[in-house]
Amino acid sequence: MPANRFNGFTDYGIGIGLRIPHYRHILERKPVVDWFEIISENYMVDGGKPLKVLDRILEQYRVVQHGVSMYFGSAEPLNPEHLKRLKNLVRRTRTPWLSDHLCWGSVDGTYTHDLLPMPYTFEAARITAQKIRQVQDTVEVPVVVENVSSYAEYHVSEMTEWEFLNEVVERADCGILLDVNNIYVSSRNHDFDPFTYVNSVPAHRVAQIHIAGHSKFEKYILDTHDHPVIDPVWALYARAIERCGPTATLLEWDDKIPSFEEVHAEALKANRFFQKQAPFVPAVEAPGARALVLP
Amino acid sequence: MSELLNLQRRVAAVILQPLTSAETMRRSAKAEADALIKPNKVLSSFERLEIYNQQYWFRVLSCFAEDFPGLRAIVGVRTFEKLMRAYLTDCPSRSFTLRNLGSRLEEWLSTNPKWIGSNPRLVLDMVRLEWAHIEAFDGGFEPVLTPAEIEAAGLDLRISLQPYVRLLELAYPVDDLLIEVHDYEGEGNVSSNAARQSRLRTRVRHYAKPEPEPVYLAVHRADDSVYYKRLQLESYRMLKALSQQAPLGNAIERAFEGSSMPEEERIPALQEWFANWAQLGWFSRAPVA
Ligand SMILES: [Fe+2]
C-alpha cells in the first residue's frame, strides 16, 4: 500500500486542488507539487481557457480527476452526454483513477447541483453499485467513490453510513476516496464516533484521502472547505494512514481561497503522518512531472 | 418504480421548492420533512431538510447572479431577485453543469413578459449578449481555414465559422453597458461547481439606461478572453449568411442587398473584412453540416 488496483498502482503523495485563483502562480512559478486534483466538470467543455490552462498544467504535472455530478446514487440512468465528455477528458488527462461522490443529486433529469445523502438501504446500494460499474466500464480507469458529509438522515435507512459504503464498494468492486473531514462533519451532525467509521472502512480499497477545513454553525457543521484543517480531523487522518499506509492525499480548499503557498503549506502538513508511518518513497515520476521533495 | 426513485422525487420536490421571503423553508413542507427525515437532538426533521433547501437556492441564485450582472444592472436589484427565483422555479437546471443554468432564460423571458417591464428589447438584448458571452468563453475551436484555401476554393465554398463566434443584432448598445458592468463588478468565473454558502453580492450601482442604437456584434474569443467586436451592417450580414451555410458568392450578394455602400468600395471592404476575420481565426476547416 498505498499503490493498489483502485488507484492504478500509483504511488502519489500529497496533492492540491487546481483552483482558478492559483492558475497564474502555478503557470508562472511552476511550484513543486506532486499532483493536482481537478474538478472534472470545469474542464468538460468544448474549448477556451479552461482547456488551455489544463493542457499547460498537464505538460508539467500529474493530474487526478474528481467529479461532482455523476451522482452514482441517483435512481435515474447515467447521462450519456456527461459520460461522453468525461471519457474524452480522461483521455486528455490520463488520470490514473477517477473519483466522484457516493451521493445523489438529480432526479428525472433535473439537477440540484448538490451532494445529497443516500438512504442507506440495500436497494439503494444495489442501484448505486450498478451505476459505478457502468461508469468504470465506460471510462476504463478505476473509479473510486467519496463519502460525503451530510446534515440529514432518512427514516428508511437500514444500516449505518459506513455499512452502506462497504456494501456499495463490495458490490461495485471499486475503490474509496476517504474524506476524513466529511466523516468528522457527519459524526458531529449525526452523533457517532468518527473512529468507528474510519476503522470500518476496507483499508485495501482506499485509493485516496481528502482532508479539508469546514465551517461551524450553531447547531450543525457545514463542509465548506474554507478553513485550515482542525486537529480532530488530523487525528482521524493519522488513524486512516495507520490503517491504509501512506495514501495519496489531497487538501480541499474551495472557498475564501488563500495564496497558493498557504494552501500548499497546509497540505504538506500531512507529511508528518506519512513519515511516522513509514519512510515515504517519492512518487514515480511521470514524464515531465515533479516528484514530491521531502524535508 | 424503485423505492429509491420515489424517495428522491419526494426529497427533490421539497429542495427545489422556493424559499420564503425570509429565506426559510416553506411551512407547507413540514409533513413531508417529518415523513422522510429523522430528527436529531438539536434539529427537527424540518430544520435538517431546510439546510438542503437553502443550500440549493443559495447555490443556483449566486451562480445565476454571477452569469447575468448586466441583466441585474438593467432591471434593478429588487426585480432581479424576484426574476431569478421565478426563472429558476420554472426552469431548474437540466444539465450536469451549472454553466448551462441560463440557457433557457431568453426563451423564458419572451414567454413571461411581466419580468421585462417597459423595455423588453433592451432586456432581451442584454440577456442574449450575456448568454453569447458564456458560449464564446468555452465554445469549441476547430482548425483554421487559411485565406489561401478560401481563395483556391472560389465562390461555391461554404465556410463554417468557429463555434465560439456568436453574431448578434441588437437594438441597444448593451455591449458598452456590459463592459461597464464587468469593469465595475469584476468579471467572475463563468461557472463553478463548488458549493457556495455566501449570499448574493449586494454591491449595487446605478447604471444609465442606454438610448436605442442598432448594433451588429460578433461575440468572440481571442487569447482566452471574450471580446465584443462591432460590425458594419454589410459585414454582419455577410457573416450571418456564412453561418447559415450560404455559399460564399451568395453570402456576398446578401451582404450588399439594399446597401448604400458605393459599388467601388465594396471589393476593398470585402478584402479587408476577410483579411481581418481570417487573422482572427474565425473561419474553421470543419465540414459544413
Ligand atoms: Fe472531499
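None of the values given here were measured: they were computed from a predicted structure.

Trainee: Looking at this model, I keep getting lost on the overall build of chain B. Mind explaining?
Mentor: The secondary structure content of chain B amounts to 12 helices and 5 strands. Seen along its three principal axes, the alpha-carbon backbone of chain B occupies a region of about 80 × 45 × 30 Å. By sequence separation, contacts in chain B at least 24 residues apart represent 69% of the contacts at least 6 residues apart. In the form shown here, chain B has an accessible surface area of approximately 13400 Å², with 51% of it arising from carbon and sulfur atoms. Separation between the mean location of the 35 positive side-chain charges and that of the 38 negative ones in chain B comes to 12 Å.

Trainee: What exactly am I supposed to notice about the coordination of the iron ion here?
Mentor: Residues and elements named next belong to chain A. All of the protein donors around the iron ion are Glu146 (OE), Asp179 (OD), His210 (ND1) and Glu252 (OE); their distances to the metal are 1.8 to 2.4 Å. Between the 4 donor atoms coordinating the iron ion, the angles at the centre fall across 85 to 172 degrees, so the site counts as irregular. Linear spacing of the donor residues for the iron ion on their chain is E-x32-D-x30-H-x41-E. On the criterion of sequence distance, the pair formed by Glu146 in strand 7 (residues 143–146) and His210 in strand 9 (residues 206–212) is long-range, its members being 64 residues apart.

Trainee: What is the right way to read the domain arrangement of chain B from this model?
Mentor: Note: interface size is frequently given as the accessible area lost on complex formation between the parts. Residue and element names in this part refer to chain B. Segmenting chain B into domains produces domain 1 (3–137) and domain 2 (139–173 + 214–285). Here domain 1 and domain 2 have C-alpha centroids that lie 38 Å from each other. Taken together, the contact between domain 1 and domain 2 spans 11 residues of the former and 15 residues of the latter. For the pairing of domain 1 and domain 2, the buried interface totals around 1200 Å² over both sides, and the portion due to carbon and sulfur atoms is 61%.

Trainee: For this particular structure, what's the right way to read helix 11 (residues 248–255) of chain B?
Mentor: An α-helical turn contains 3.6 residues, so any two residues separated by three or four positions project in the same direction. Residue and element names in this part refer to chain B. Taken as a whole, helix 11 has its buried residues at Leu248, Gly249, Ala251 and Ala255. Angular distribution of buried residues about the axis of helix 11 spans 165 degrees; they occupy a single face of the element. Close packing links the buried residues of helix 11 with helix 8 (147–153), helix 10 (233–243) and helix 12 (263–280).

Trainee: I keep staring at the interface of chain B and chain A and nothing clicks. Help me out?
Mentor: Chain B puts 49 residues into the contact, and the matching count from chain A is 55 residues. Each partner contributes to the roughly 4400 Å² buried at the junction of chain B and chain A, and carbon and sulfur atoms together form 60% of this total. For the chain B face of the interface with chain A, the top three residues by lost area are Leu4(B), Tyr52(B) and Phe96(B), together amounting to 19%. The interface formed by chain B and chain A includes 5 salt bridges. Two residues, Arg48(B) and Glu153(A), come together in a salt bridge whose shortest N-O distance is 3.0 Å. Put simply, chain B and chain A have 28 residue pairs in polar contact (both at pLDDT 80 or more) between them. For the side of chain B that touches chain A, the secondary-structure elements that each account for two or more residues are helix 1 (3–15), helix 2 (30–36), helix 3 (45–67) and helix 7 (120–138) of chain B. No other element matches helix 1 of chain B, which puts 9 residues into the side of chain B that touches chain A. A class-by-class count of the residues in the side of chain B that touches chain A yields 23 nonpolar, 13 polar and 13 charged.

Trainee: Just to check I follow, could you spell out the sheet that holds strand 2 (residues 166–170) of chain B for this structure?
Mentor: Across a sheet, strands are paired by hydrogen bonds formed along the backbone, either parallel or antiparallel in direction. Residue and element names in this part refer to chain B. An order of 2-3-4 is seen for the 3 strands of this open sheet, with the pairing classed as antiparallel. Each edge of the open sheet carries a strand with a single partner, namely strand 2 and strand 4 (225–231). In this sheet, adjacent strand axes meet at a mean angle of 25 degrees when their direction is disregarded. Across 5 bridges, strand 2 lies against strand 3 (residues 215–222) in antiparallel orientation.

Trainee: I tried to follow the pairing of strand 1 (residues 14–17) of chain A on my own but got confused; where do I start?
Mentor: Working note: regular strand, side chains alternate between the two faces of the sheet. Residue and element names in this part refer to chain A. Burial of strand 1 is two-sided: the residues Ile14 and Ile16 facing one way and the residues Gly15 and Gly17 facing the other way are all buried. Where strand 1 and strand 12 (residues 249–252) come together, 3 bridges link them in parallel fashion. Its bridge partner lying in strand 12, Ile14 is registered against Thr249. Bridging between strand 1 and strand 2 (residues 35–39) involves 3 bridges; their strand directions are parallel. Bridged to Gly15 within strand 2 is Trp35. Tracing the backbone out of strand 1, into helix 1 (residues 23–29) and back to the parallel element strand 2 gives a crossover that is right-handed.

Conventions we followed
- All residue numbers refer to positions counted from 1 along the written sequence of the respective chain.
- Chain A is the first chain written and ligand 1 is the first ligand written, with later ones labelled in order.
- Totals for whole chains, interfaces and linings use all residues, but because this is a predicted model, local features are given only for residues with pLDDT of at least 70 and pairs of side-chain atoms are given and counted only at 80 or more.
- The side-chain values count all of the structure's non-hydrogen atoms but skip hydrogen atoms and water molecules.
- Segments assigned H or I by DSSP are reported as helices when at least four residues long, segments assigned E as strands when at least two residues long, and all are numbered from the N terminus.
- Whether two residues are in contact is decided by their heavy atoms, any of which lying within 4.5 Å being enough.
- Each accessible area is a Shrake-Rupley estimate made with a 1.4 Å probe; only the visible protein chains count as cover when residues are assessed.
- The convention is simple: Lys and Arg are positive, Asp and Glu are negative, and His and the chain ends are not counted.
- Charge positions come from single atoms, namely NZ of Lys, CZ of Arg, CG of Asp or CD of Glu.
- Distances up to 2.8 Å from the metal define which N, O and S atoms are donors, and 3.2 Å serves for Na, K and Ca; water is absent from the atom set, so sites may look incomplete.
- Every geometry call rests on angle ranges, with four donors termed tetrahedral when all angles are between 85 and 135 degrees, four termed square planar and six termed octahedral when opposite donors are over 155 degrees apart and all others are between 65 and 115, and everything else termed irregular.
- Segmentation of the chain into domains, including their bounds, is taken from an automatic or database domain assignment.
- Buried area is calculated as the accessible area (1.4 Å probe) missing from two parts once they are joined, with the contributions of both summed.
- Note on classification: 1.4 Å probe, protein chains only; a residue is buried when its accessible area is under 20% of the maximum for its type, exposed when over 50%, partly exposed between these limits.
- Summarising the geometry, the arc corresponds to the directions from the helix axis toward the C-beta atoms.
- For this analysis, a salt bridge means a side-chain nitrogen from Lys or Arg found within 4 Å of a carboxyl oxygen belonging to Asp or Glu.
- Polar contact is defined as a pair of N or O atoms within 3.5 Å, subject to the rule that within protein one atom must be able to donate a hydrogen and the other to accept it, and that residues adjacent in sequence are counted only when both atoms are side-chain atoms.
- Gly falls in the polar group here, along with every residue not listed as nonpolar (Ala, Val, Leu, Ile, Met, Phe, Trp, Tyr, Cys, Pro) or charged (Asp, Glu, Lys, Arg).
- By this definition, two strands are paired if DSSP reports at least two bridges between them.
- For helices, the fitted line uses only the C-alpha atoms of the stretch in contact; every axis is such a line through C-alpha atoms, and the angle between N-to-C directions lies from 0 to 180 degrees.
- When the strands point away from the viewer and the connection leading from the first strand across the helix to the second strand turns clockwise, the crossover is called right-handed.

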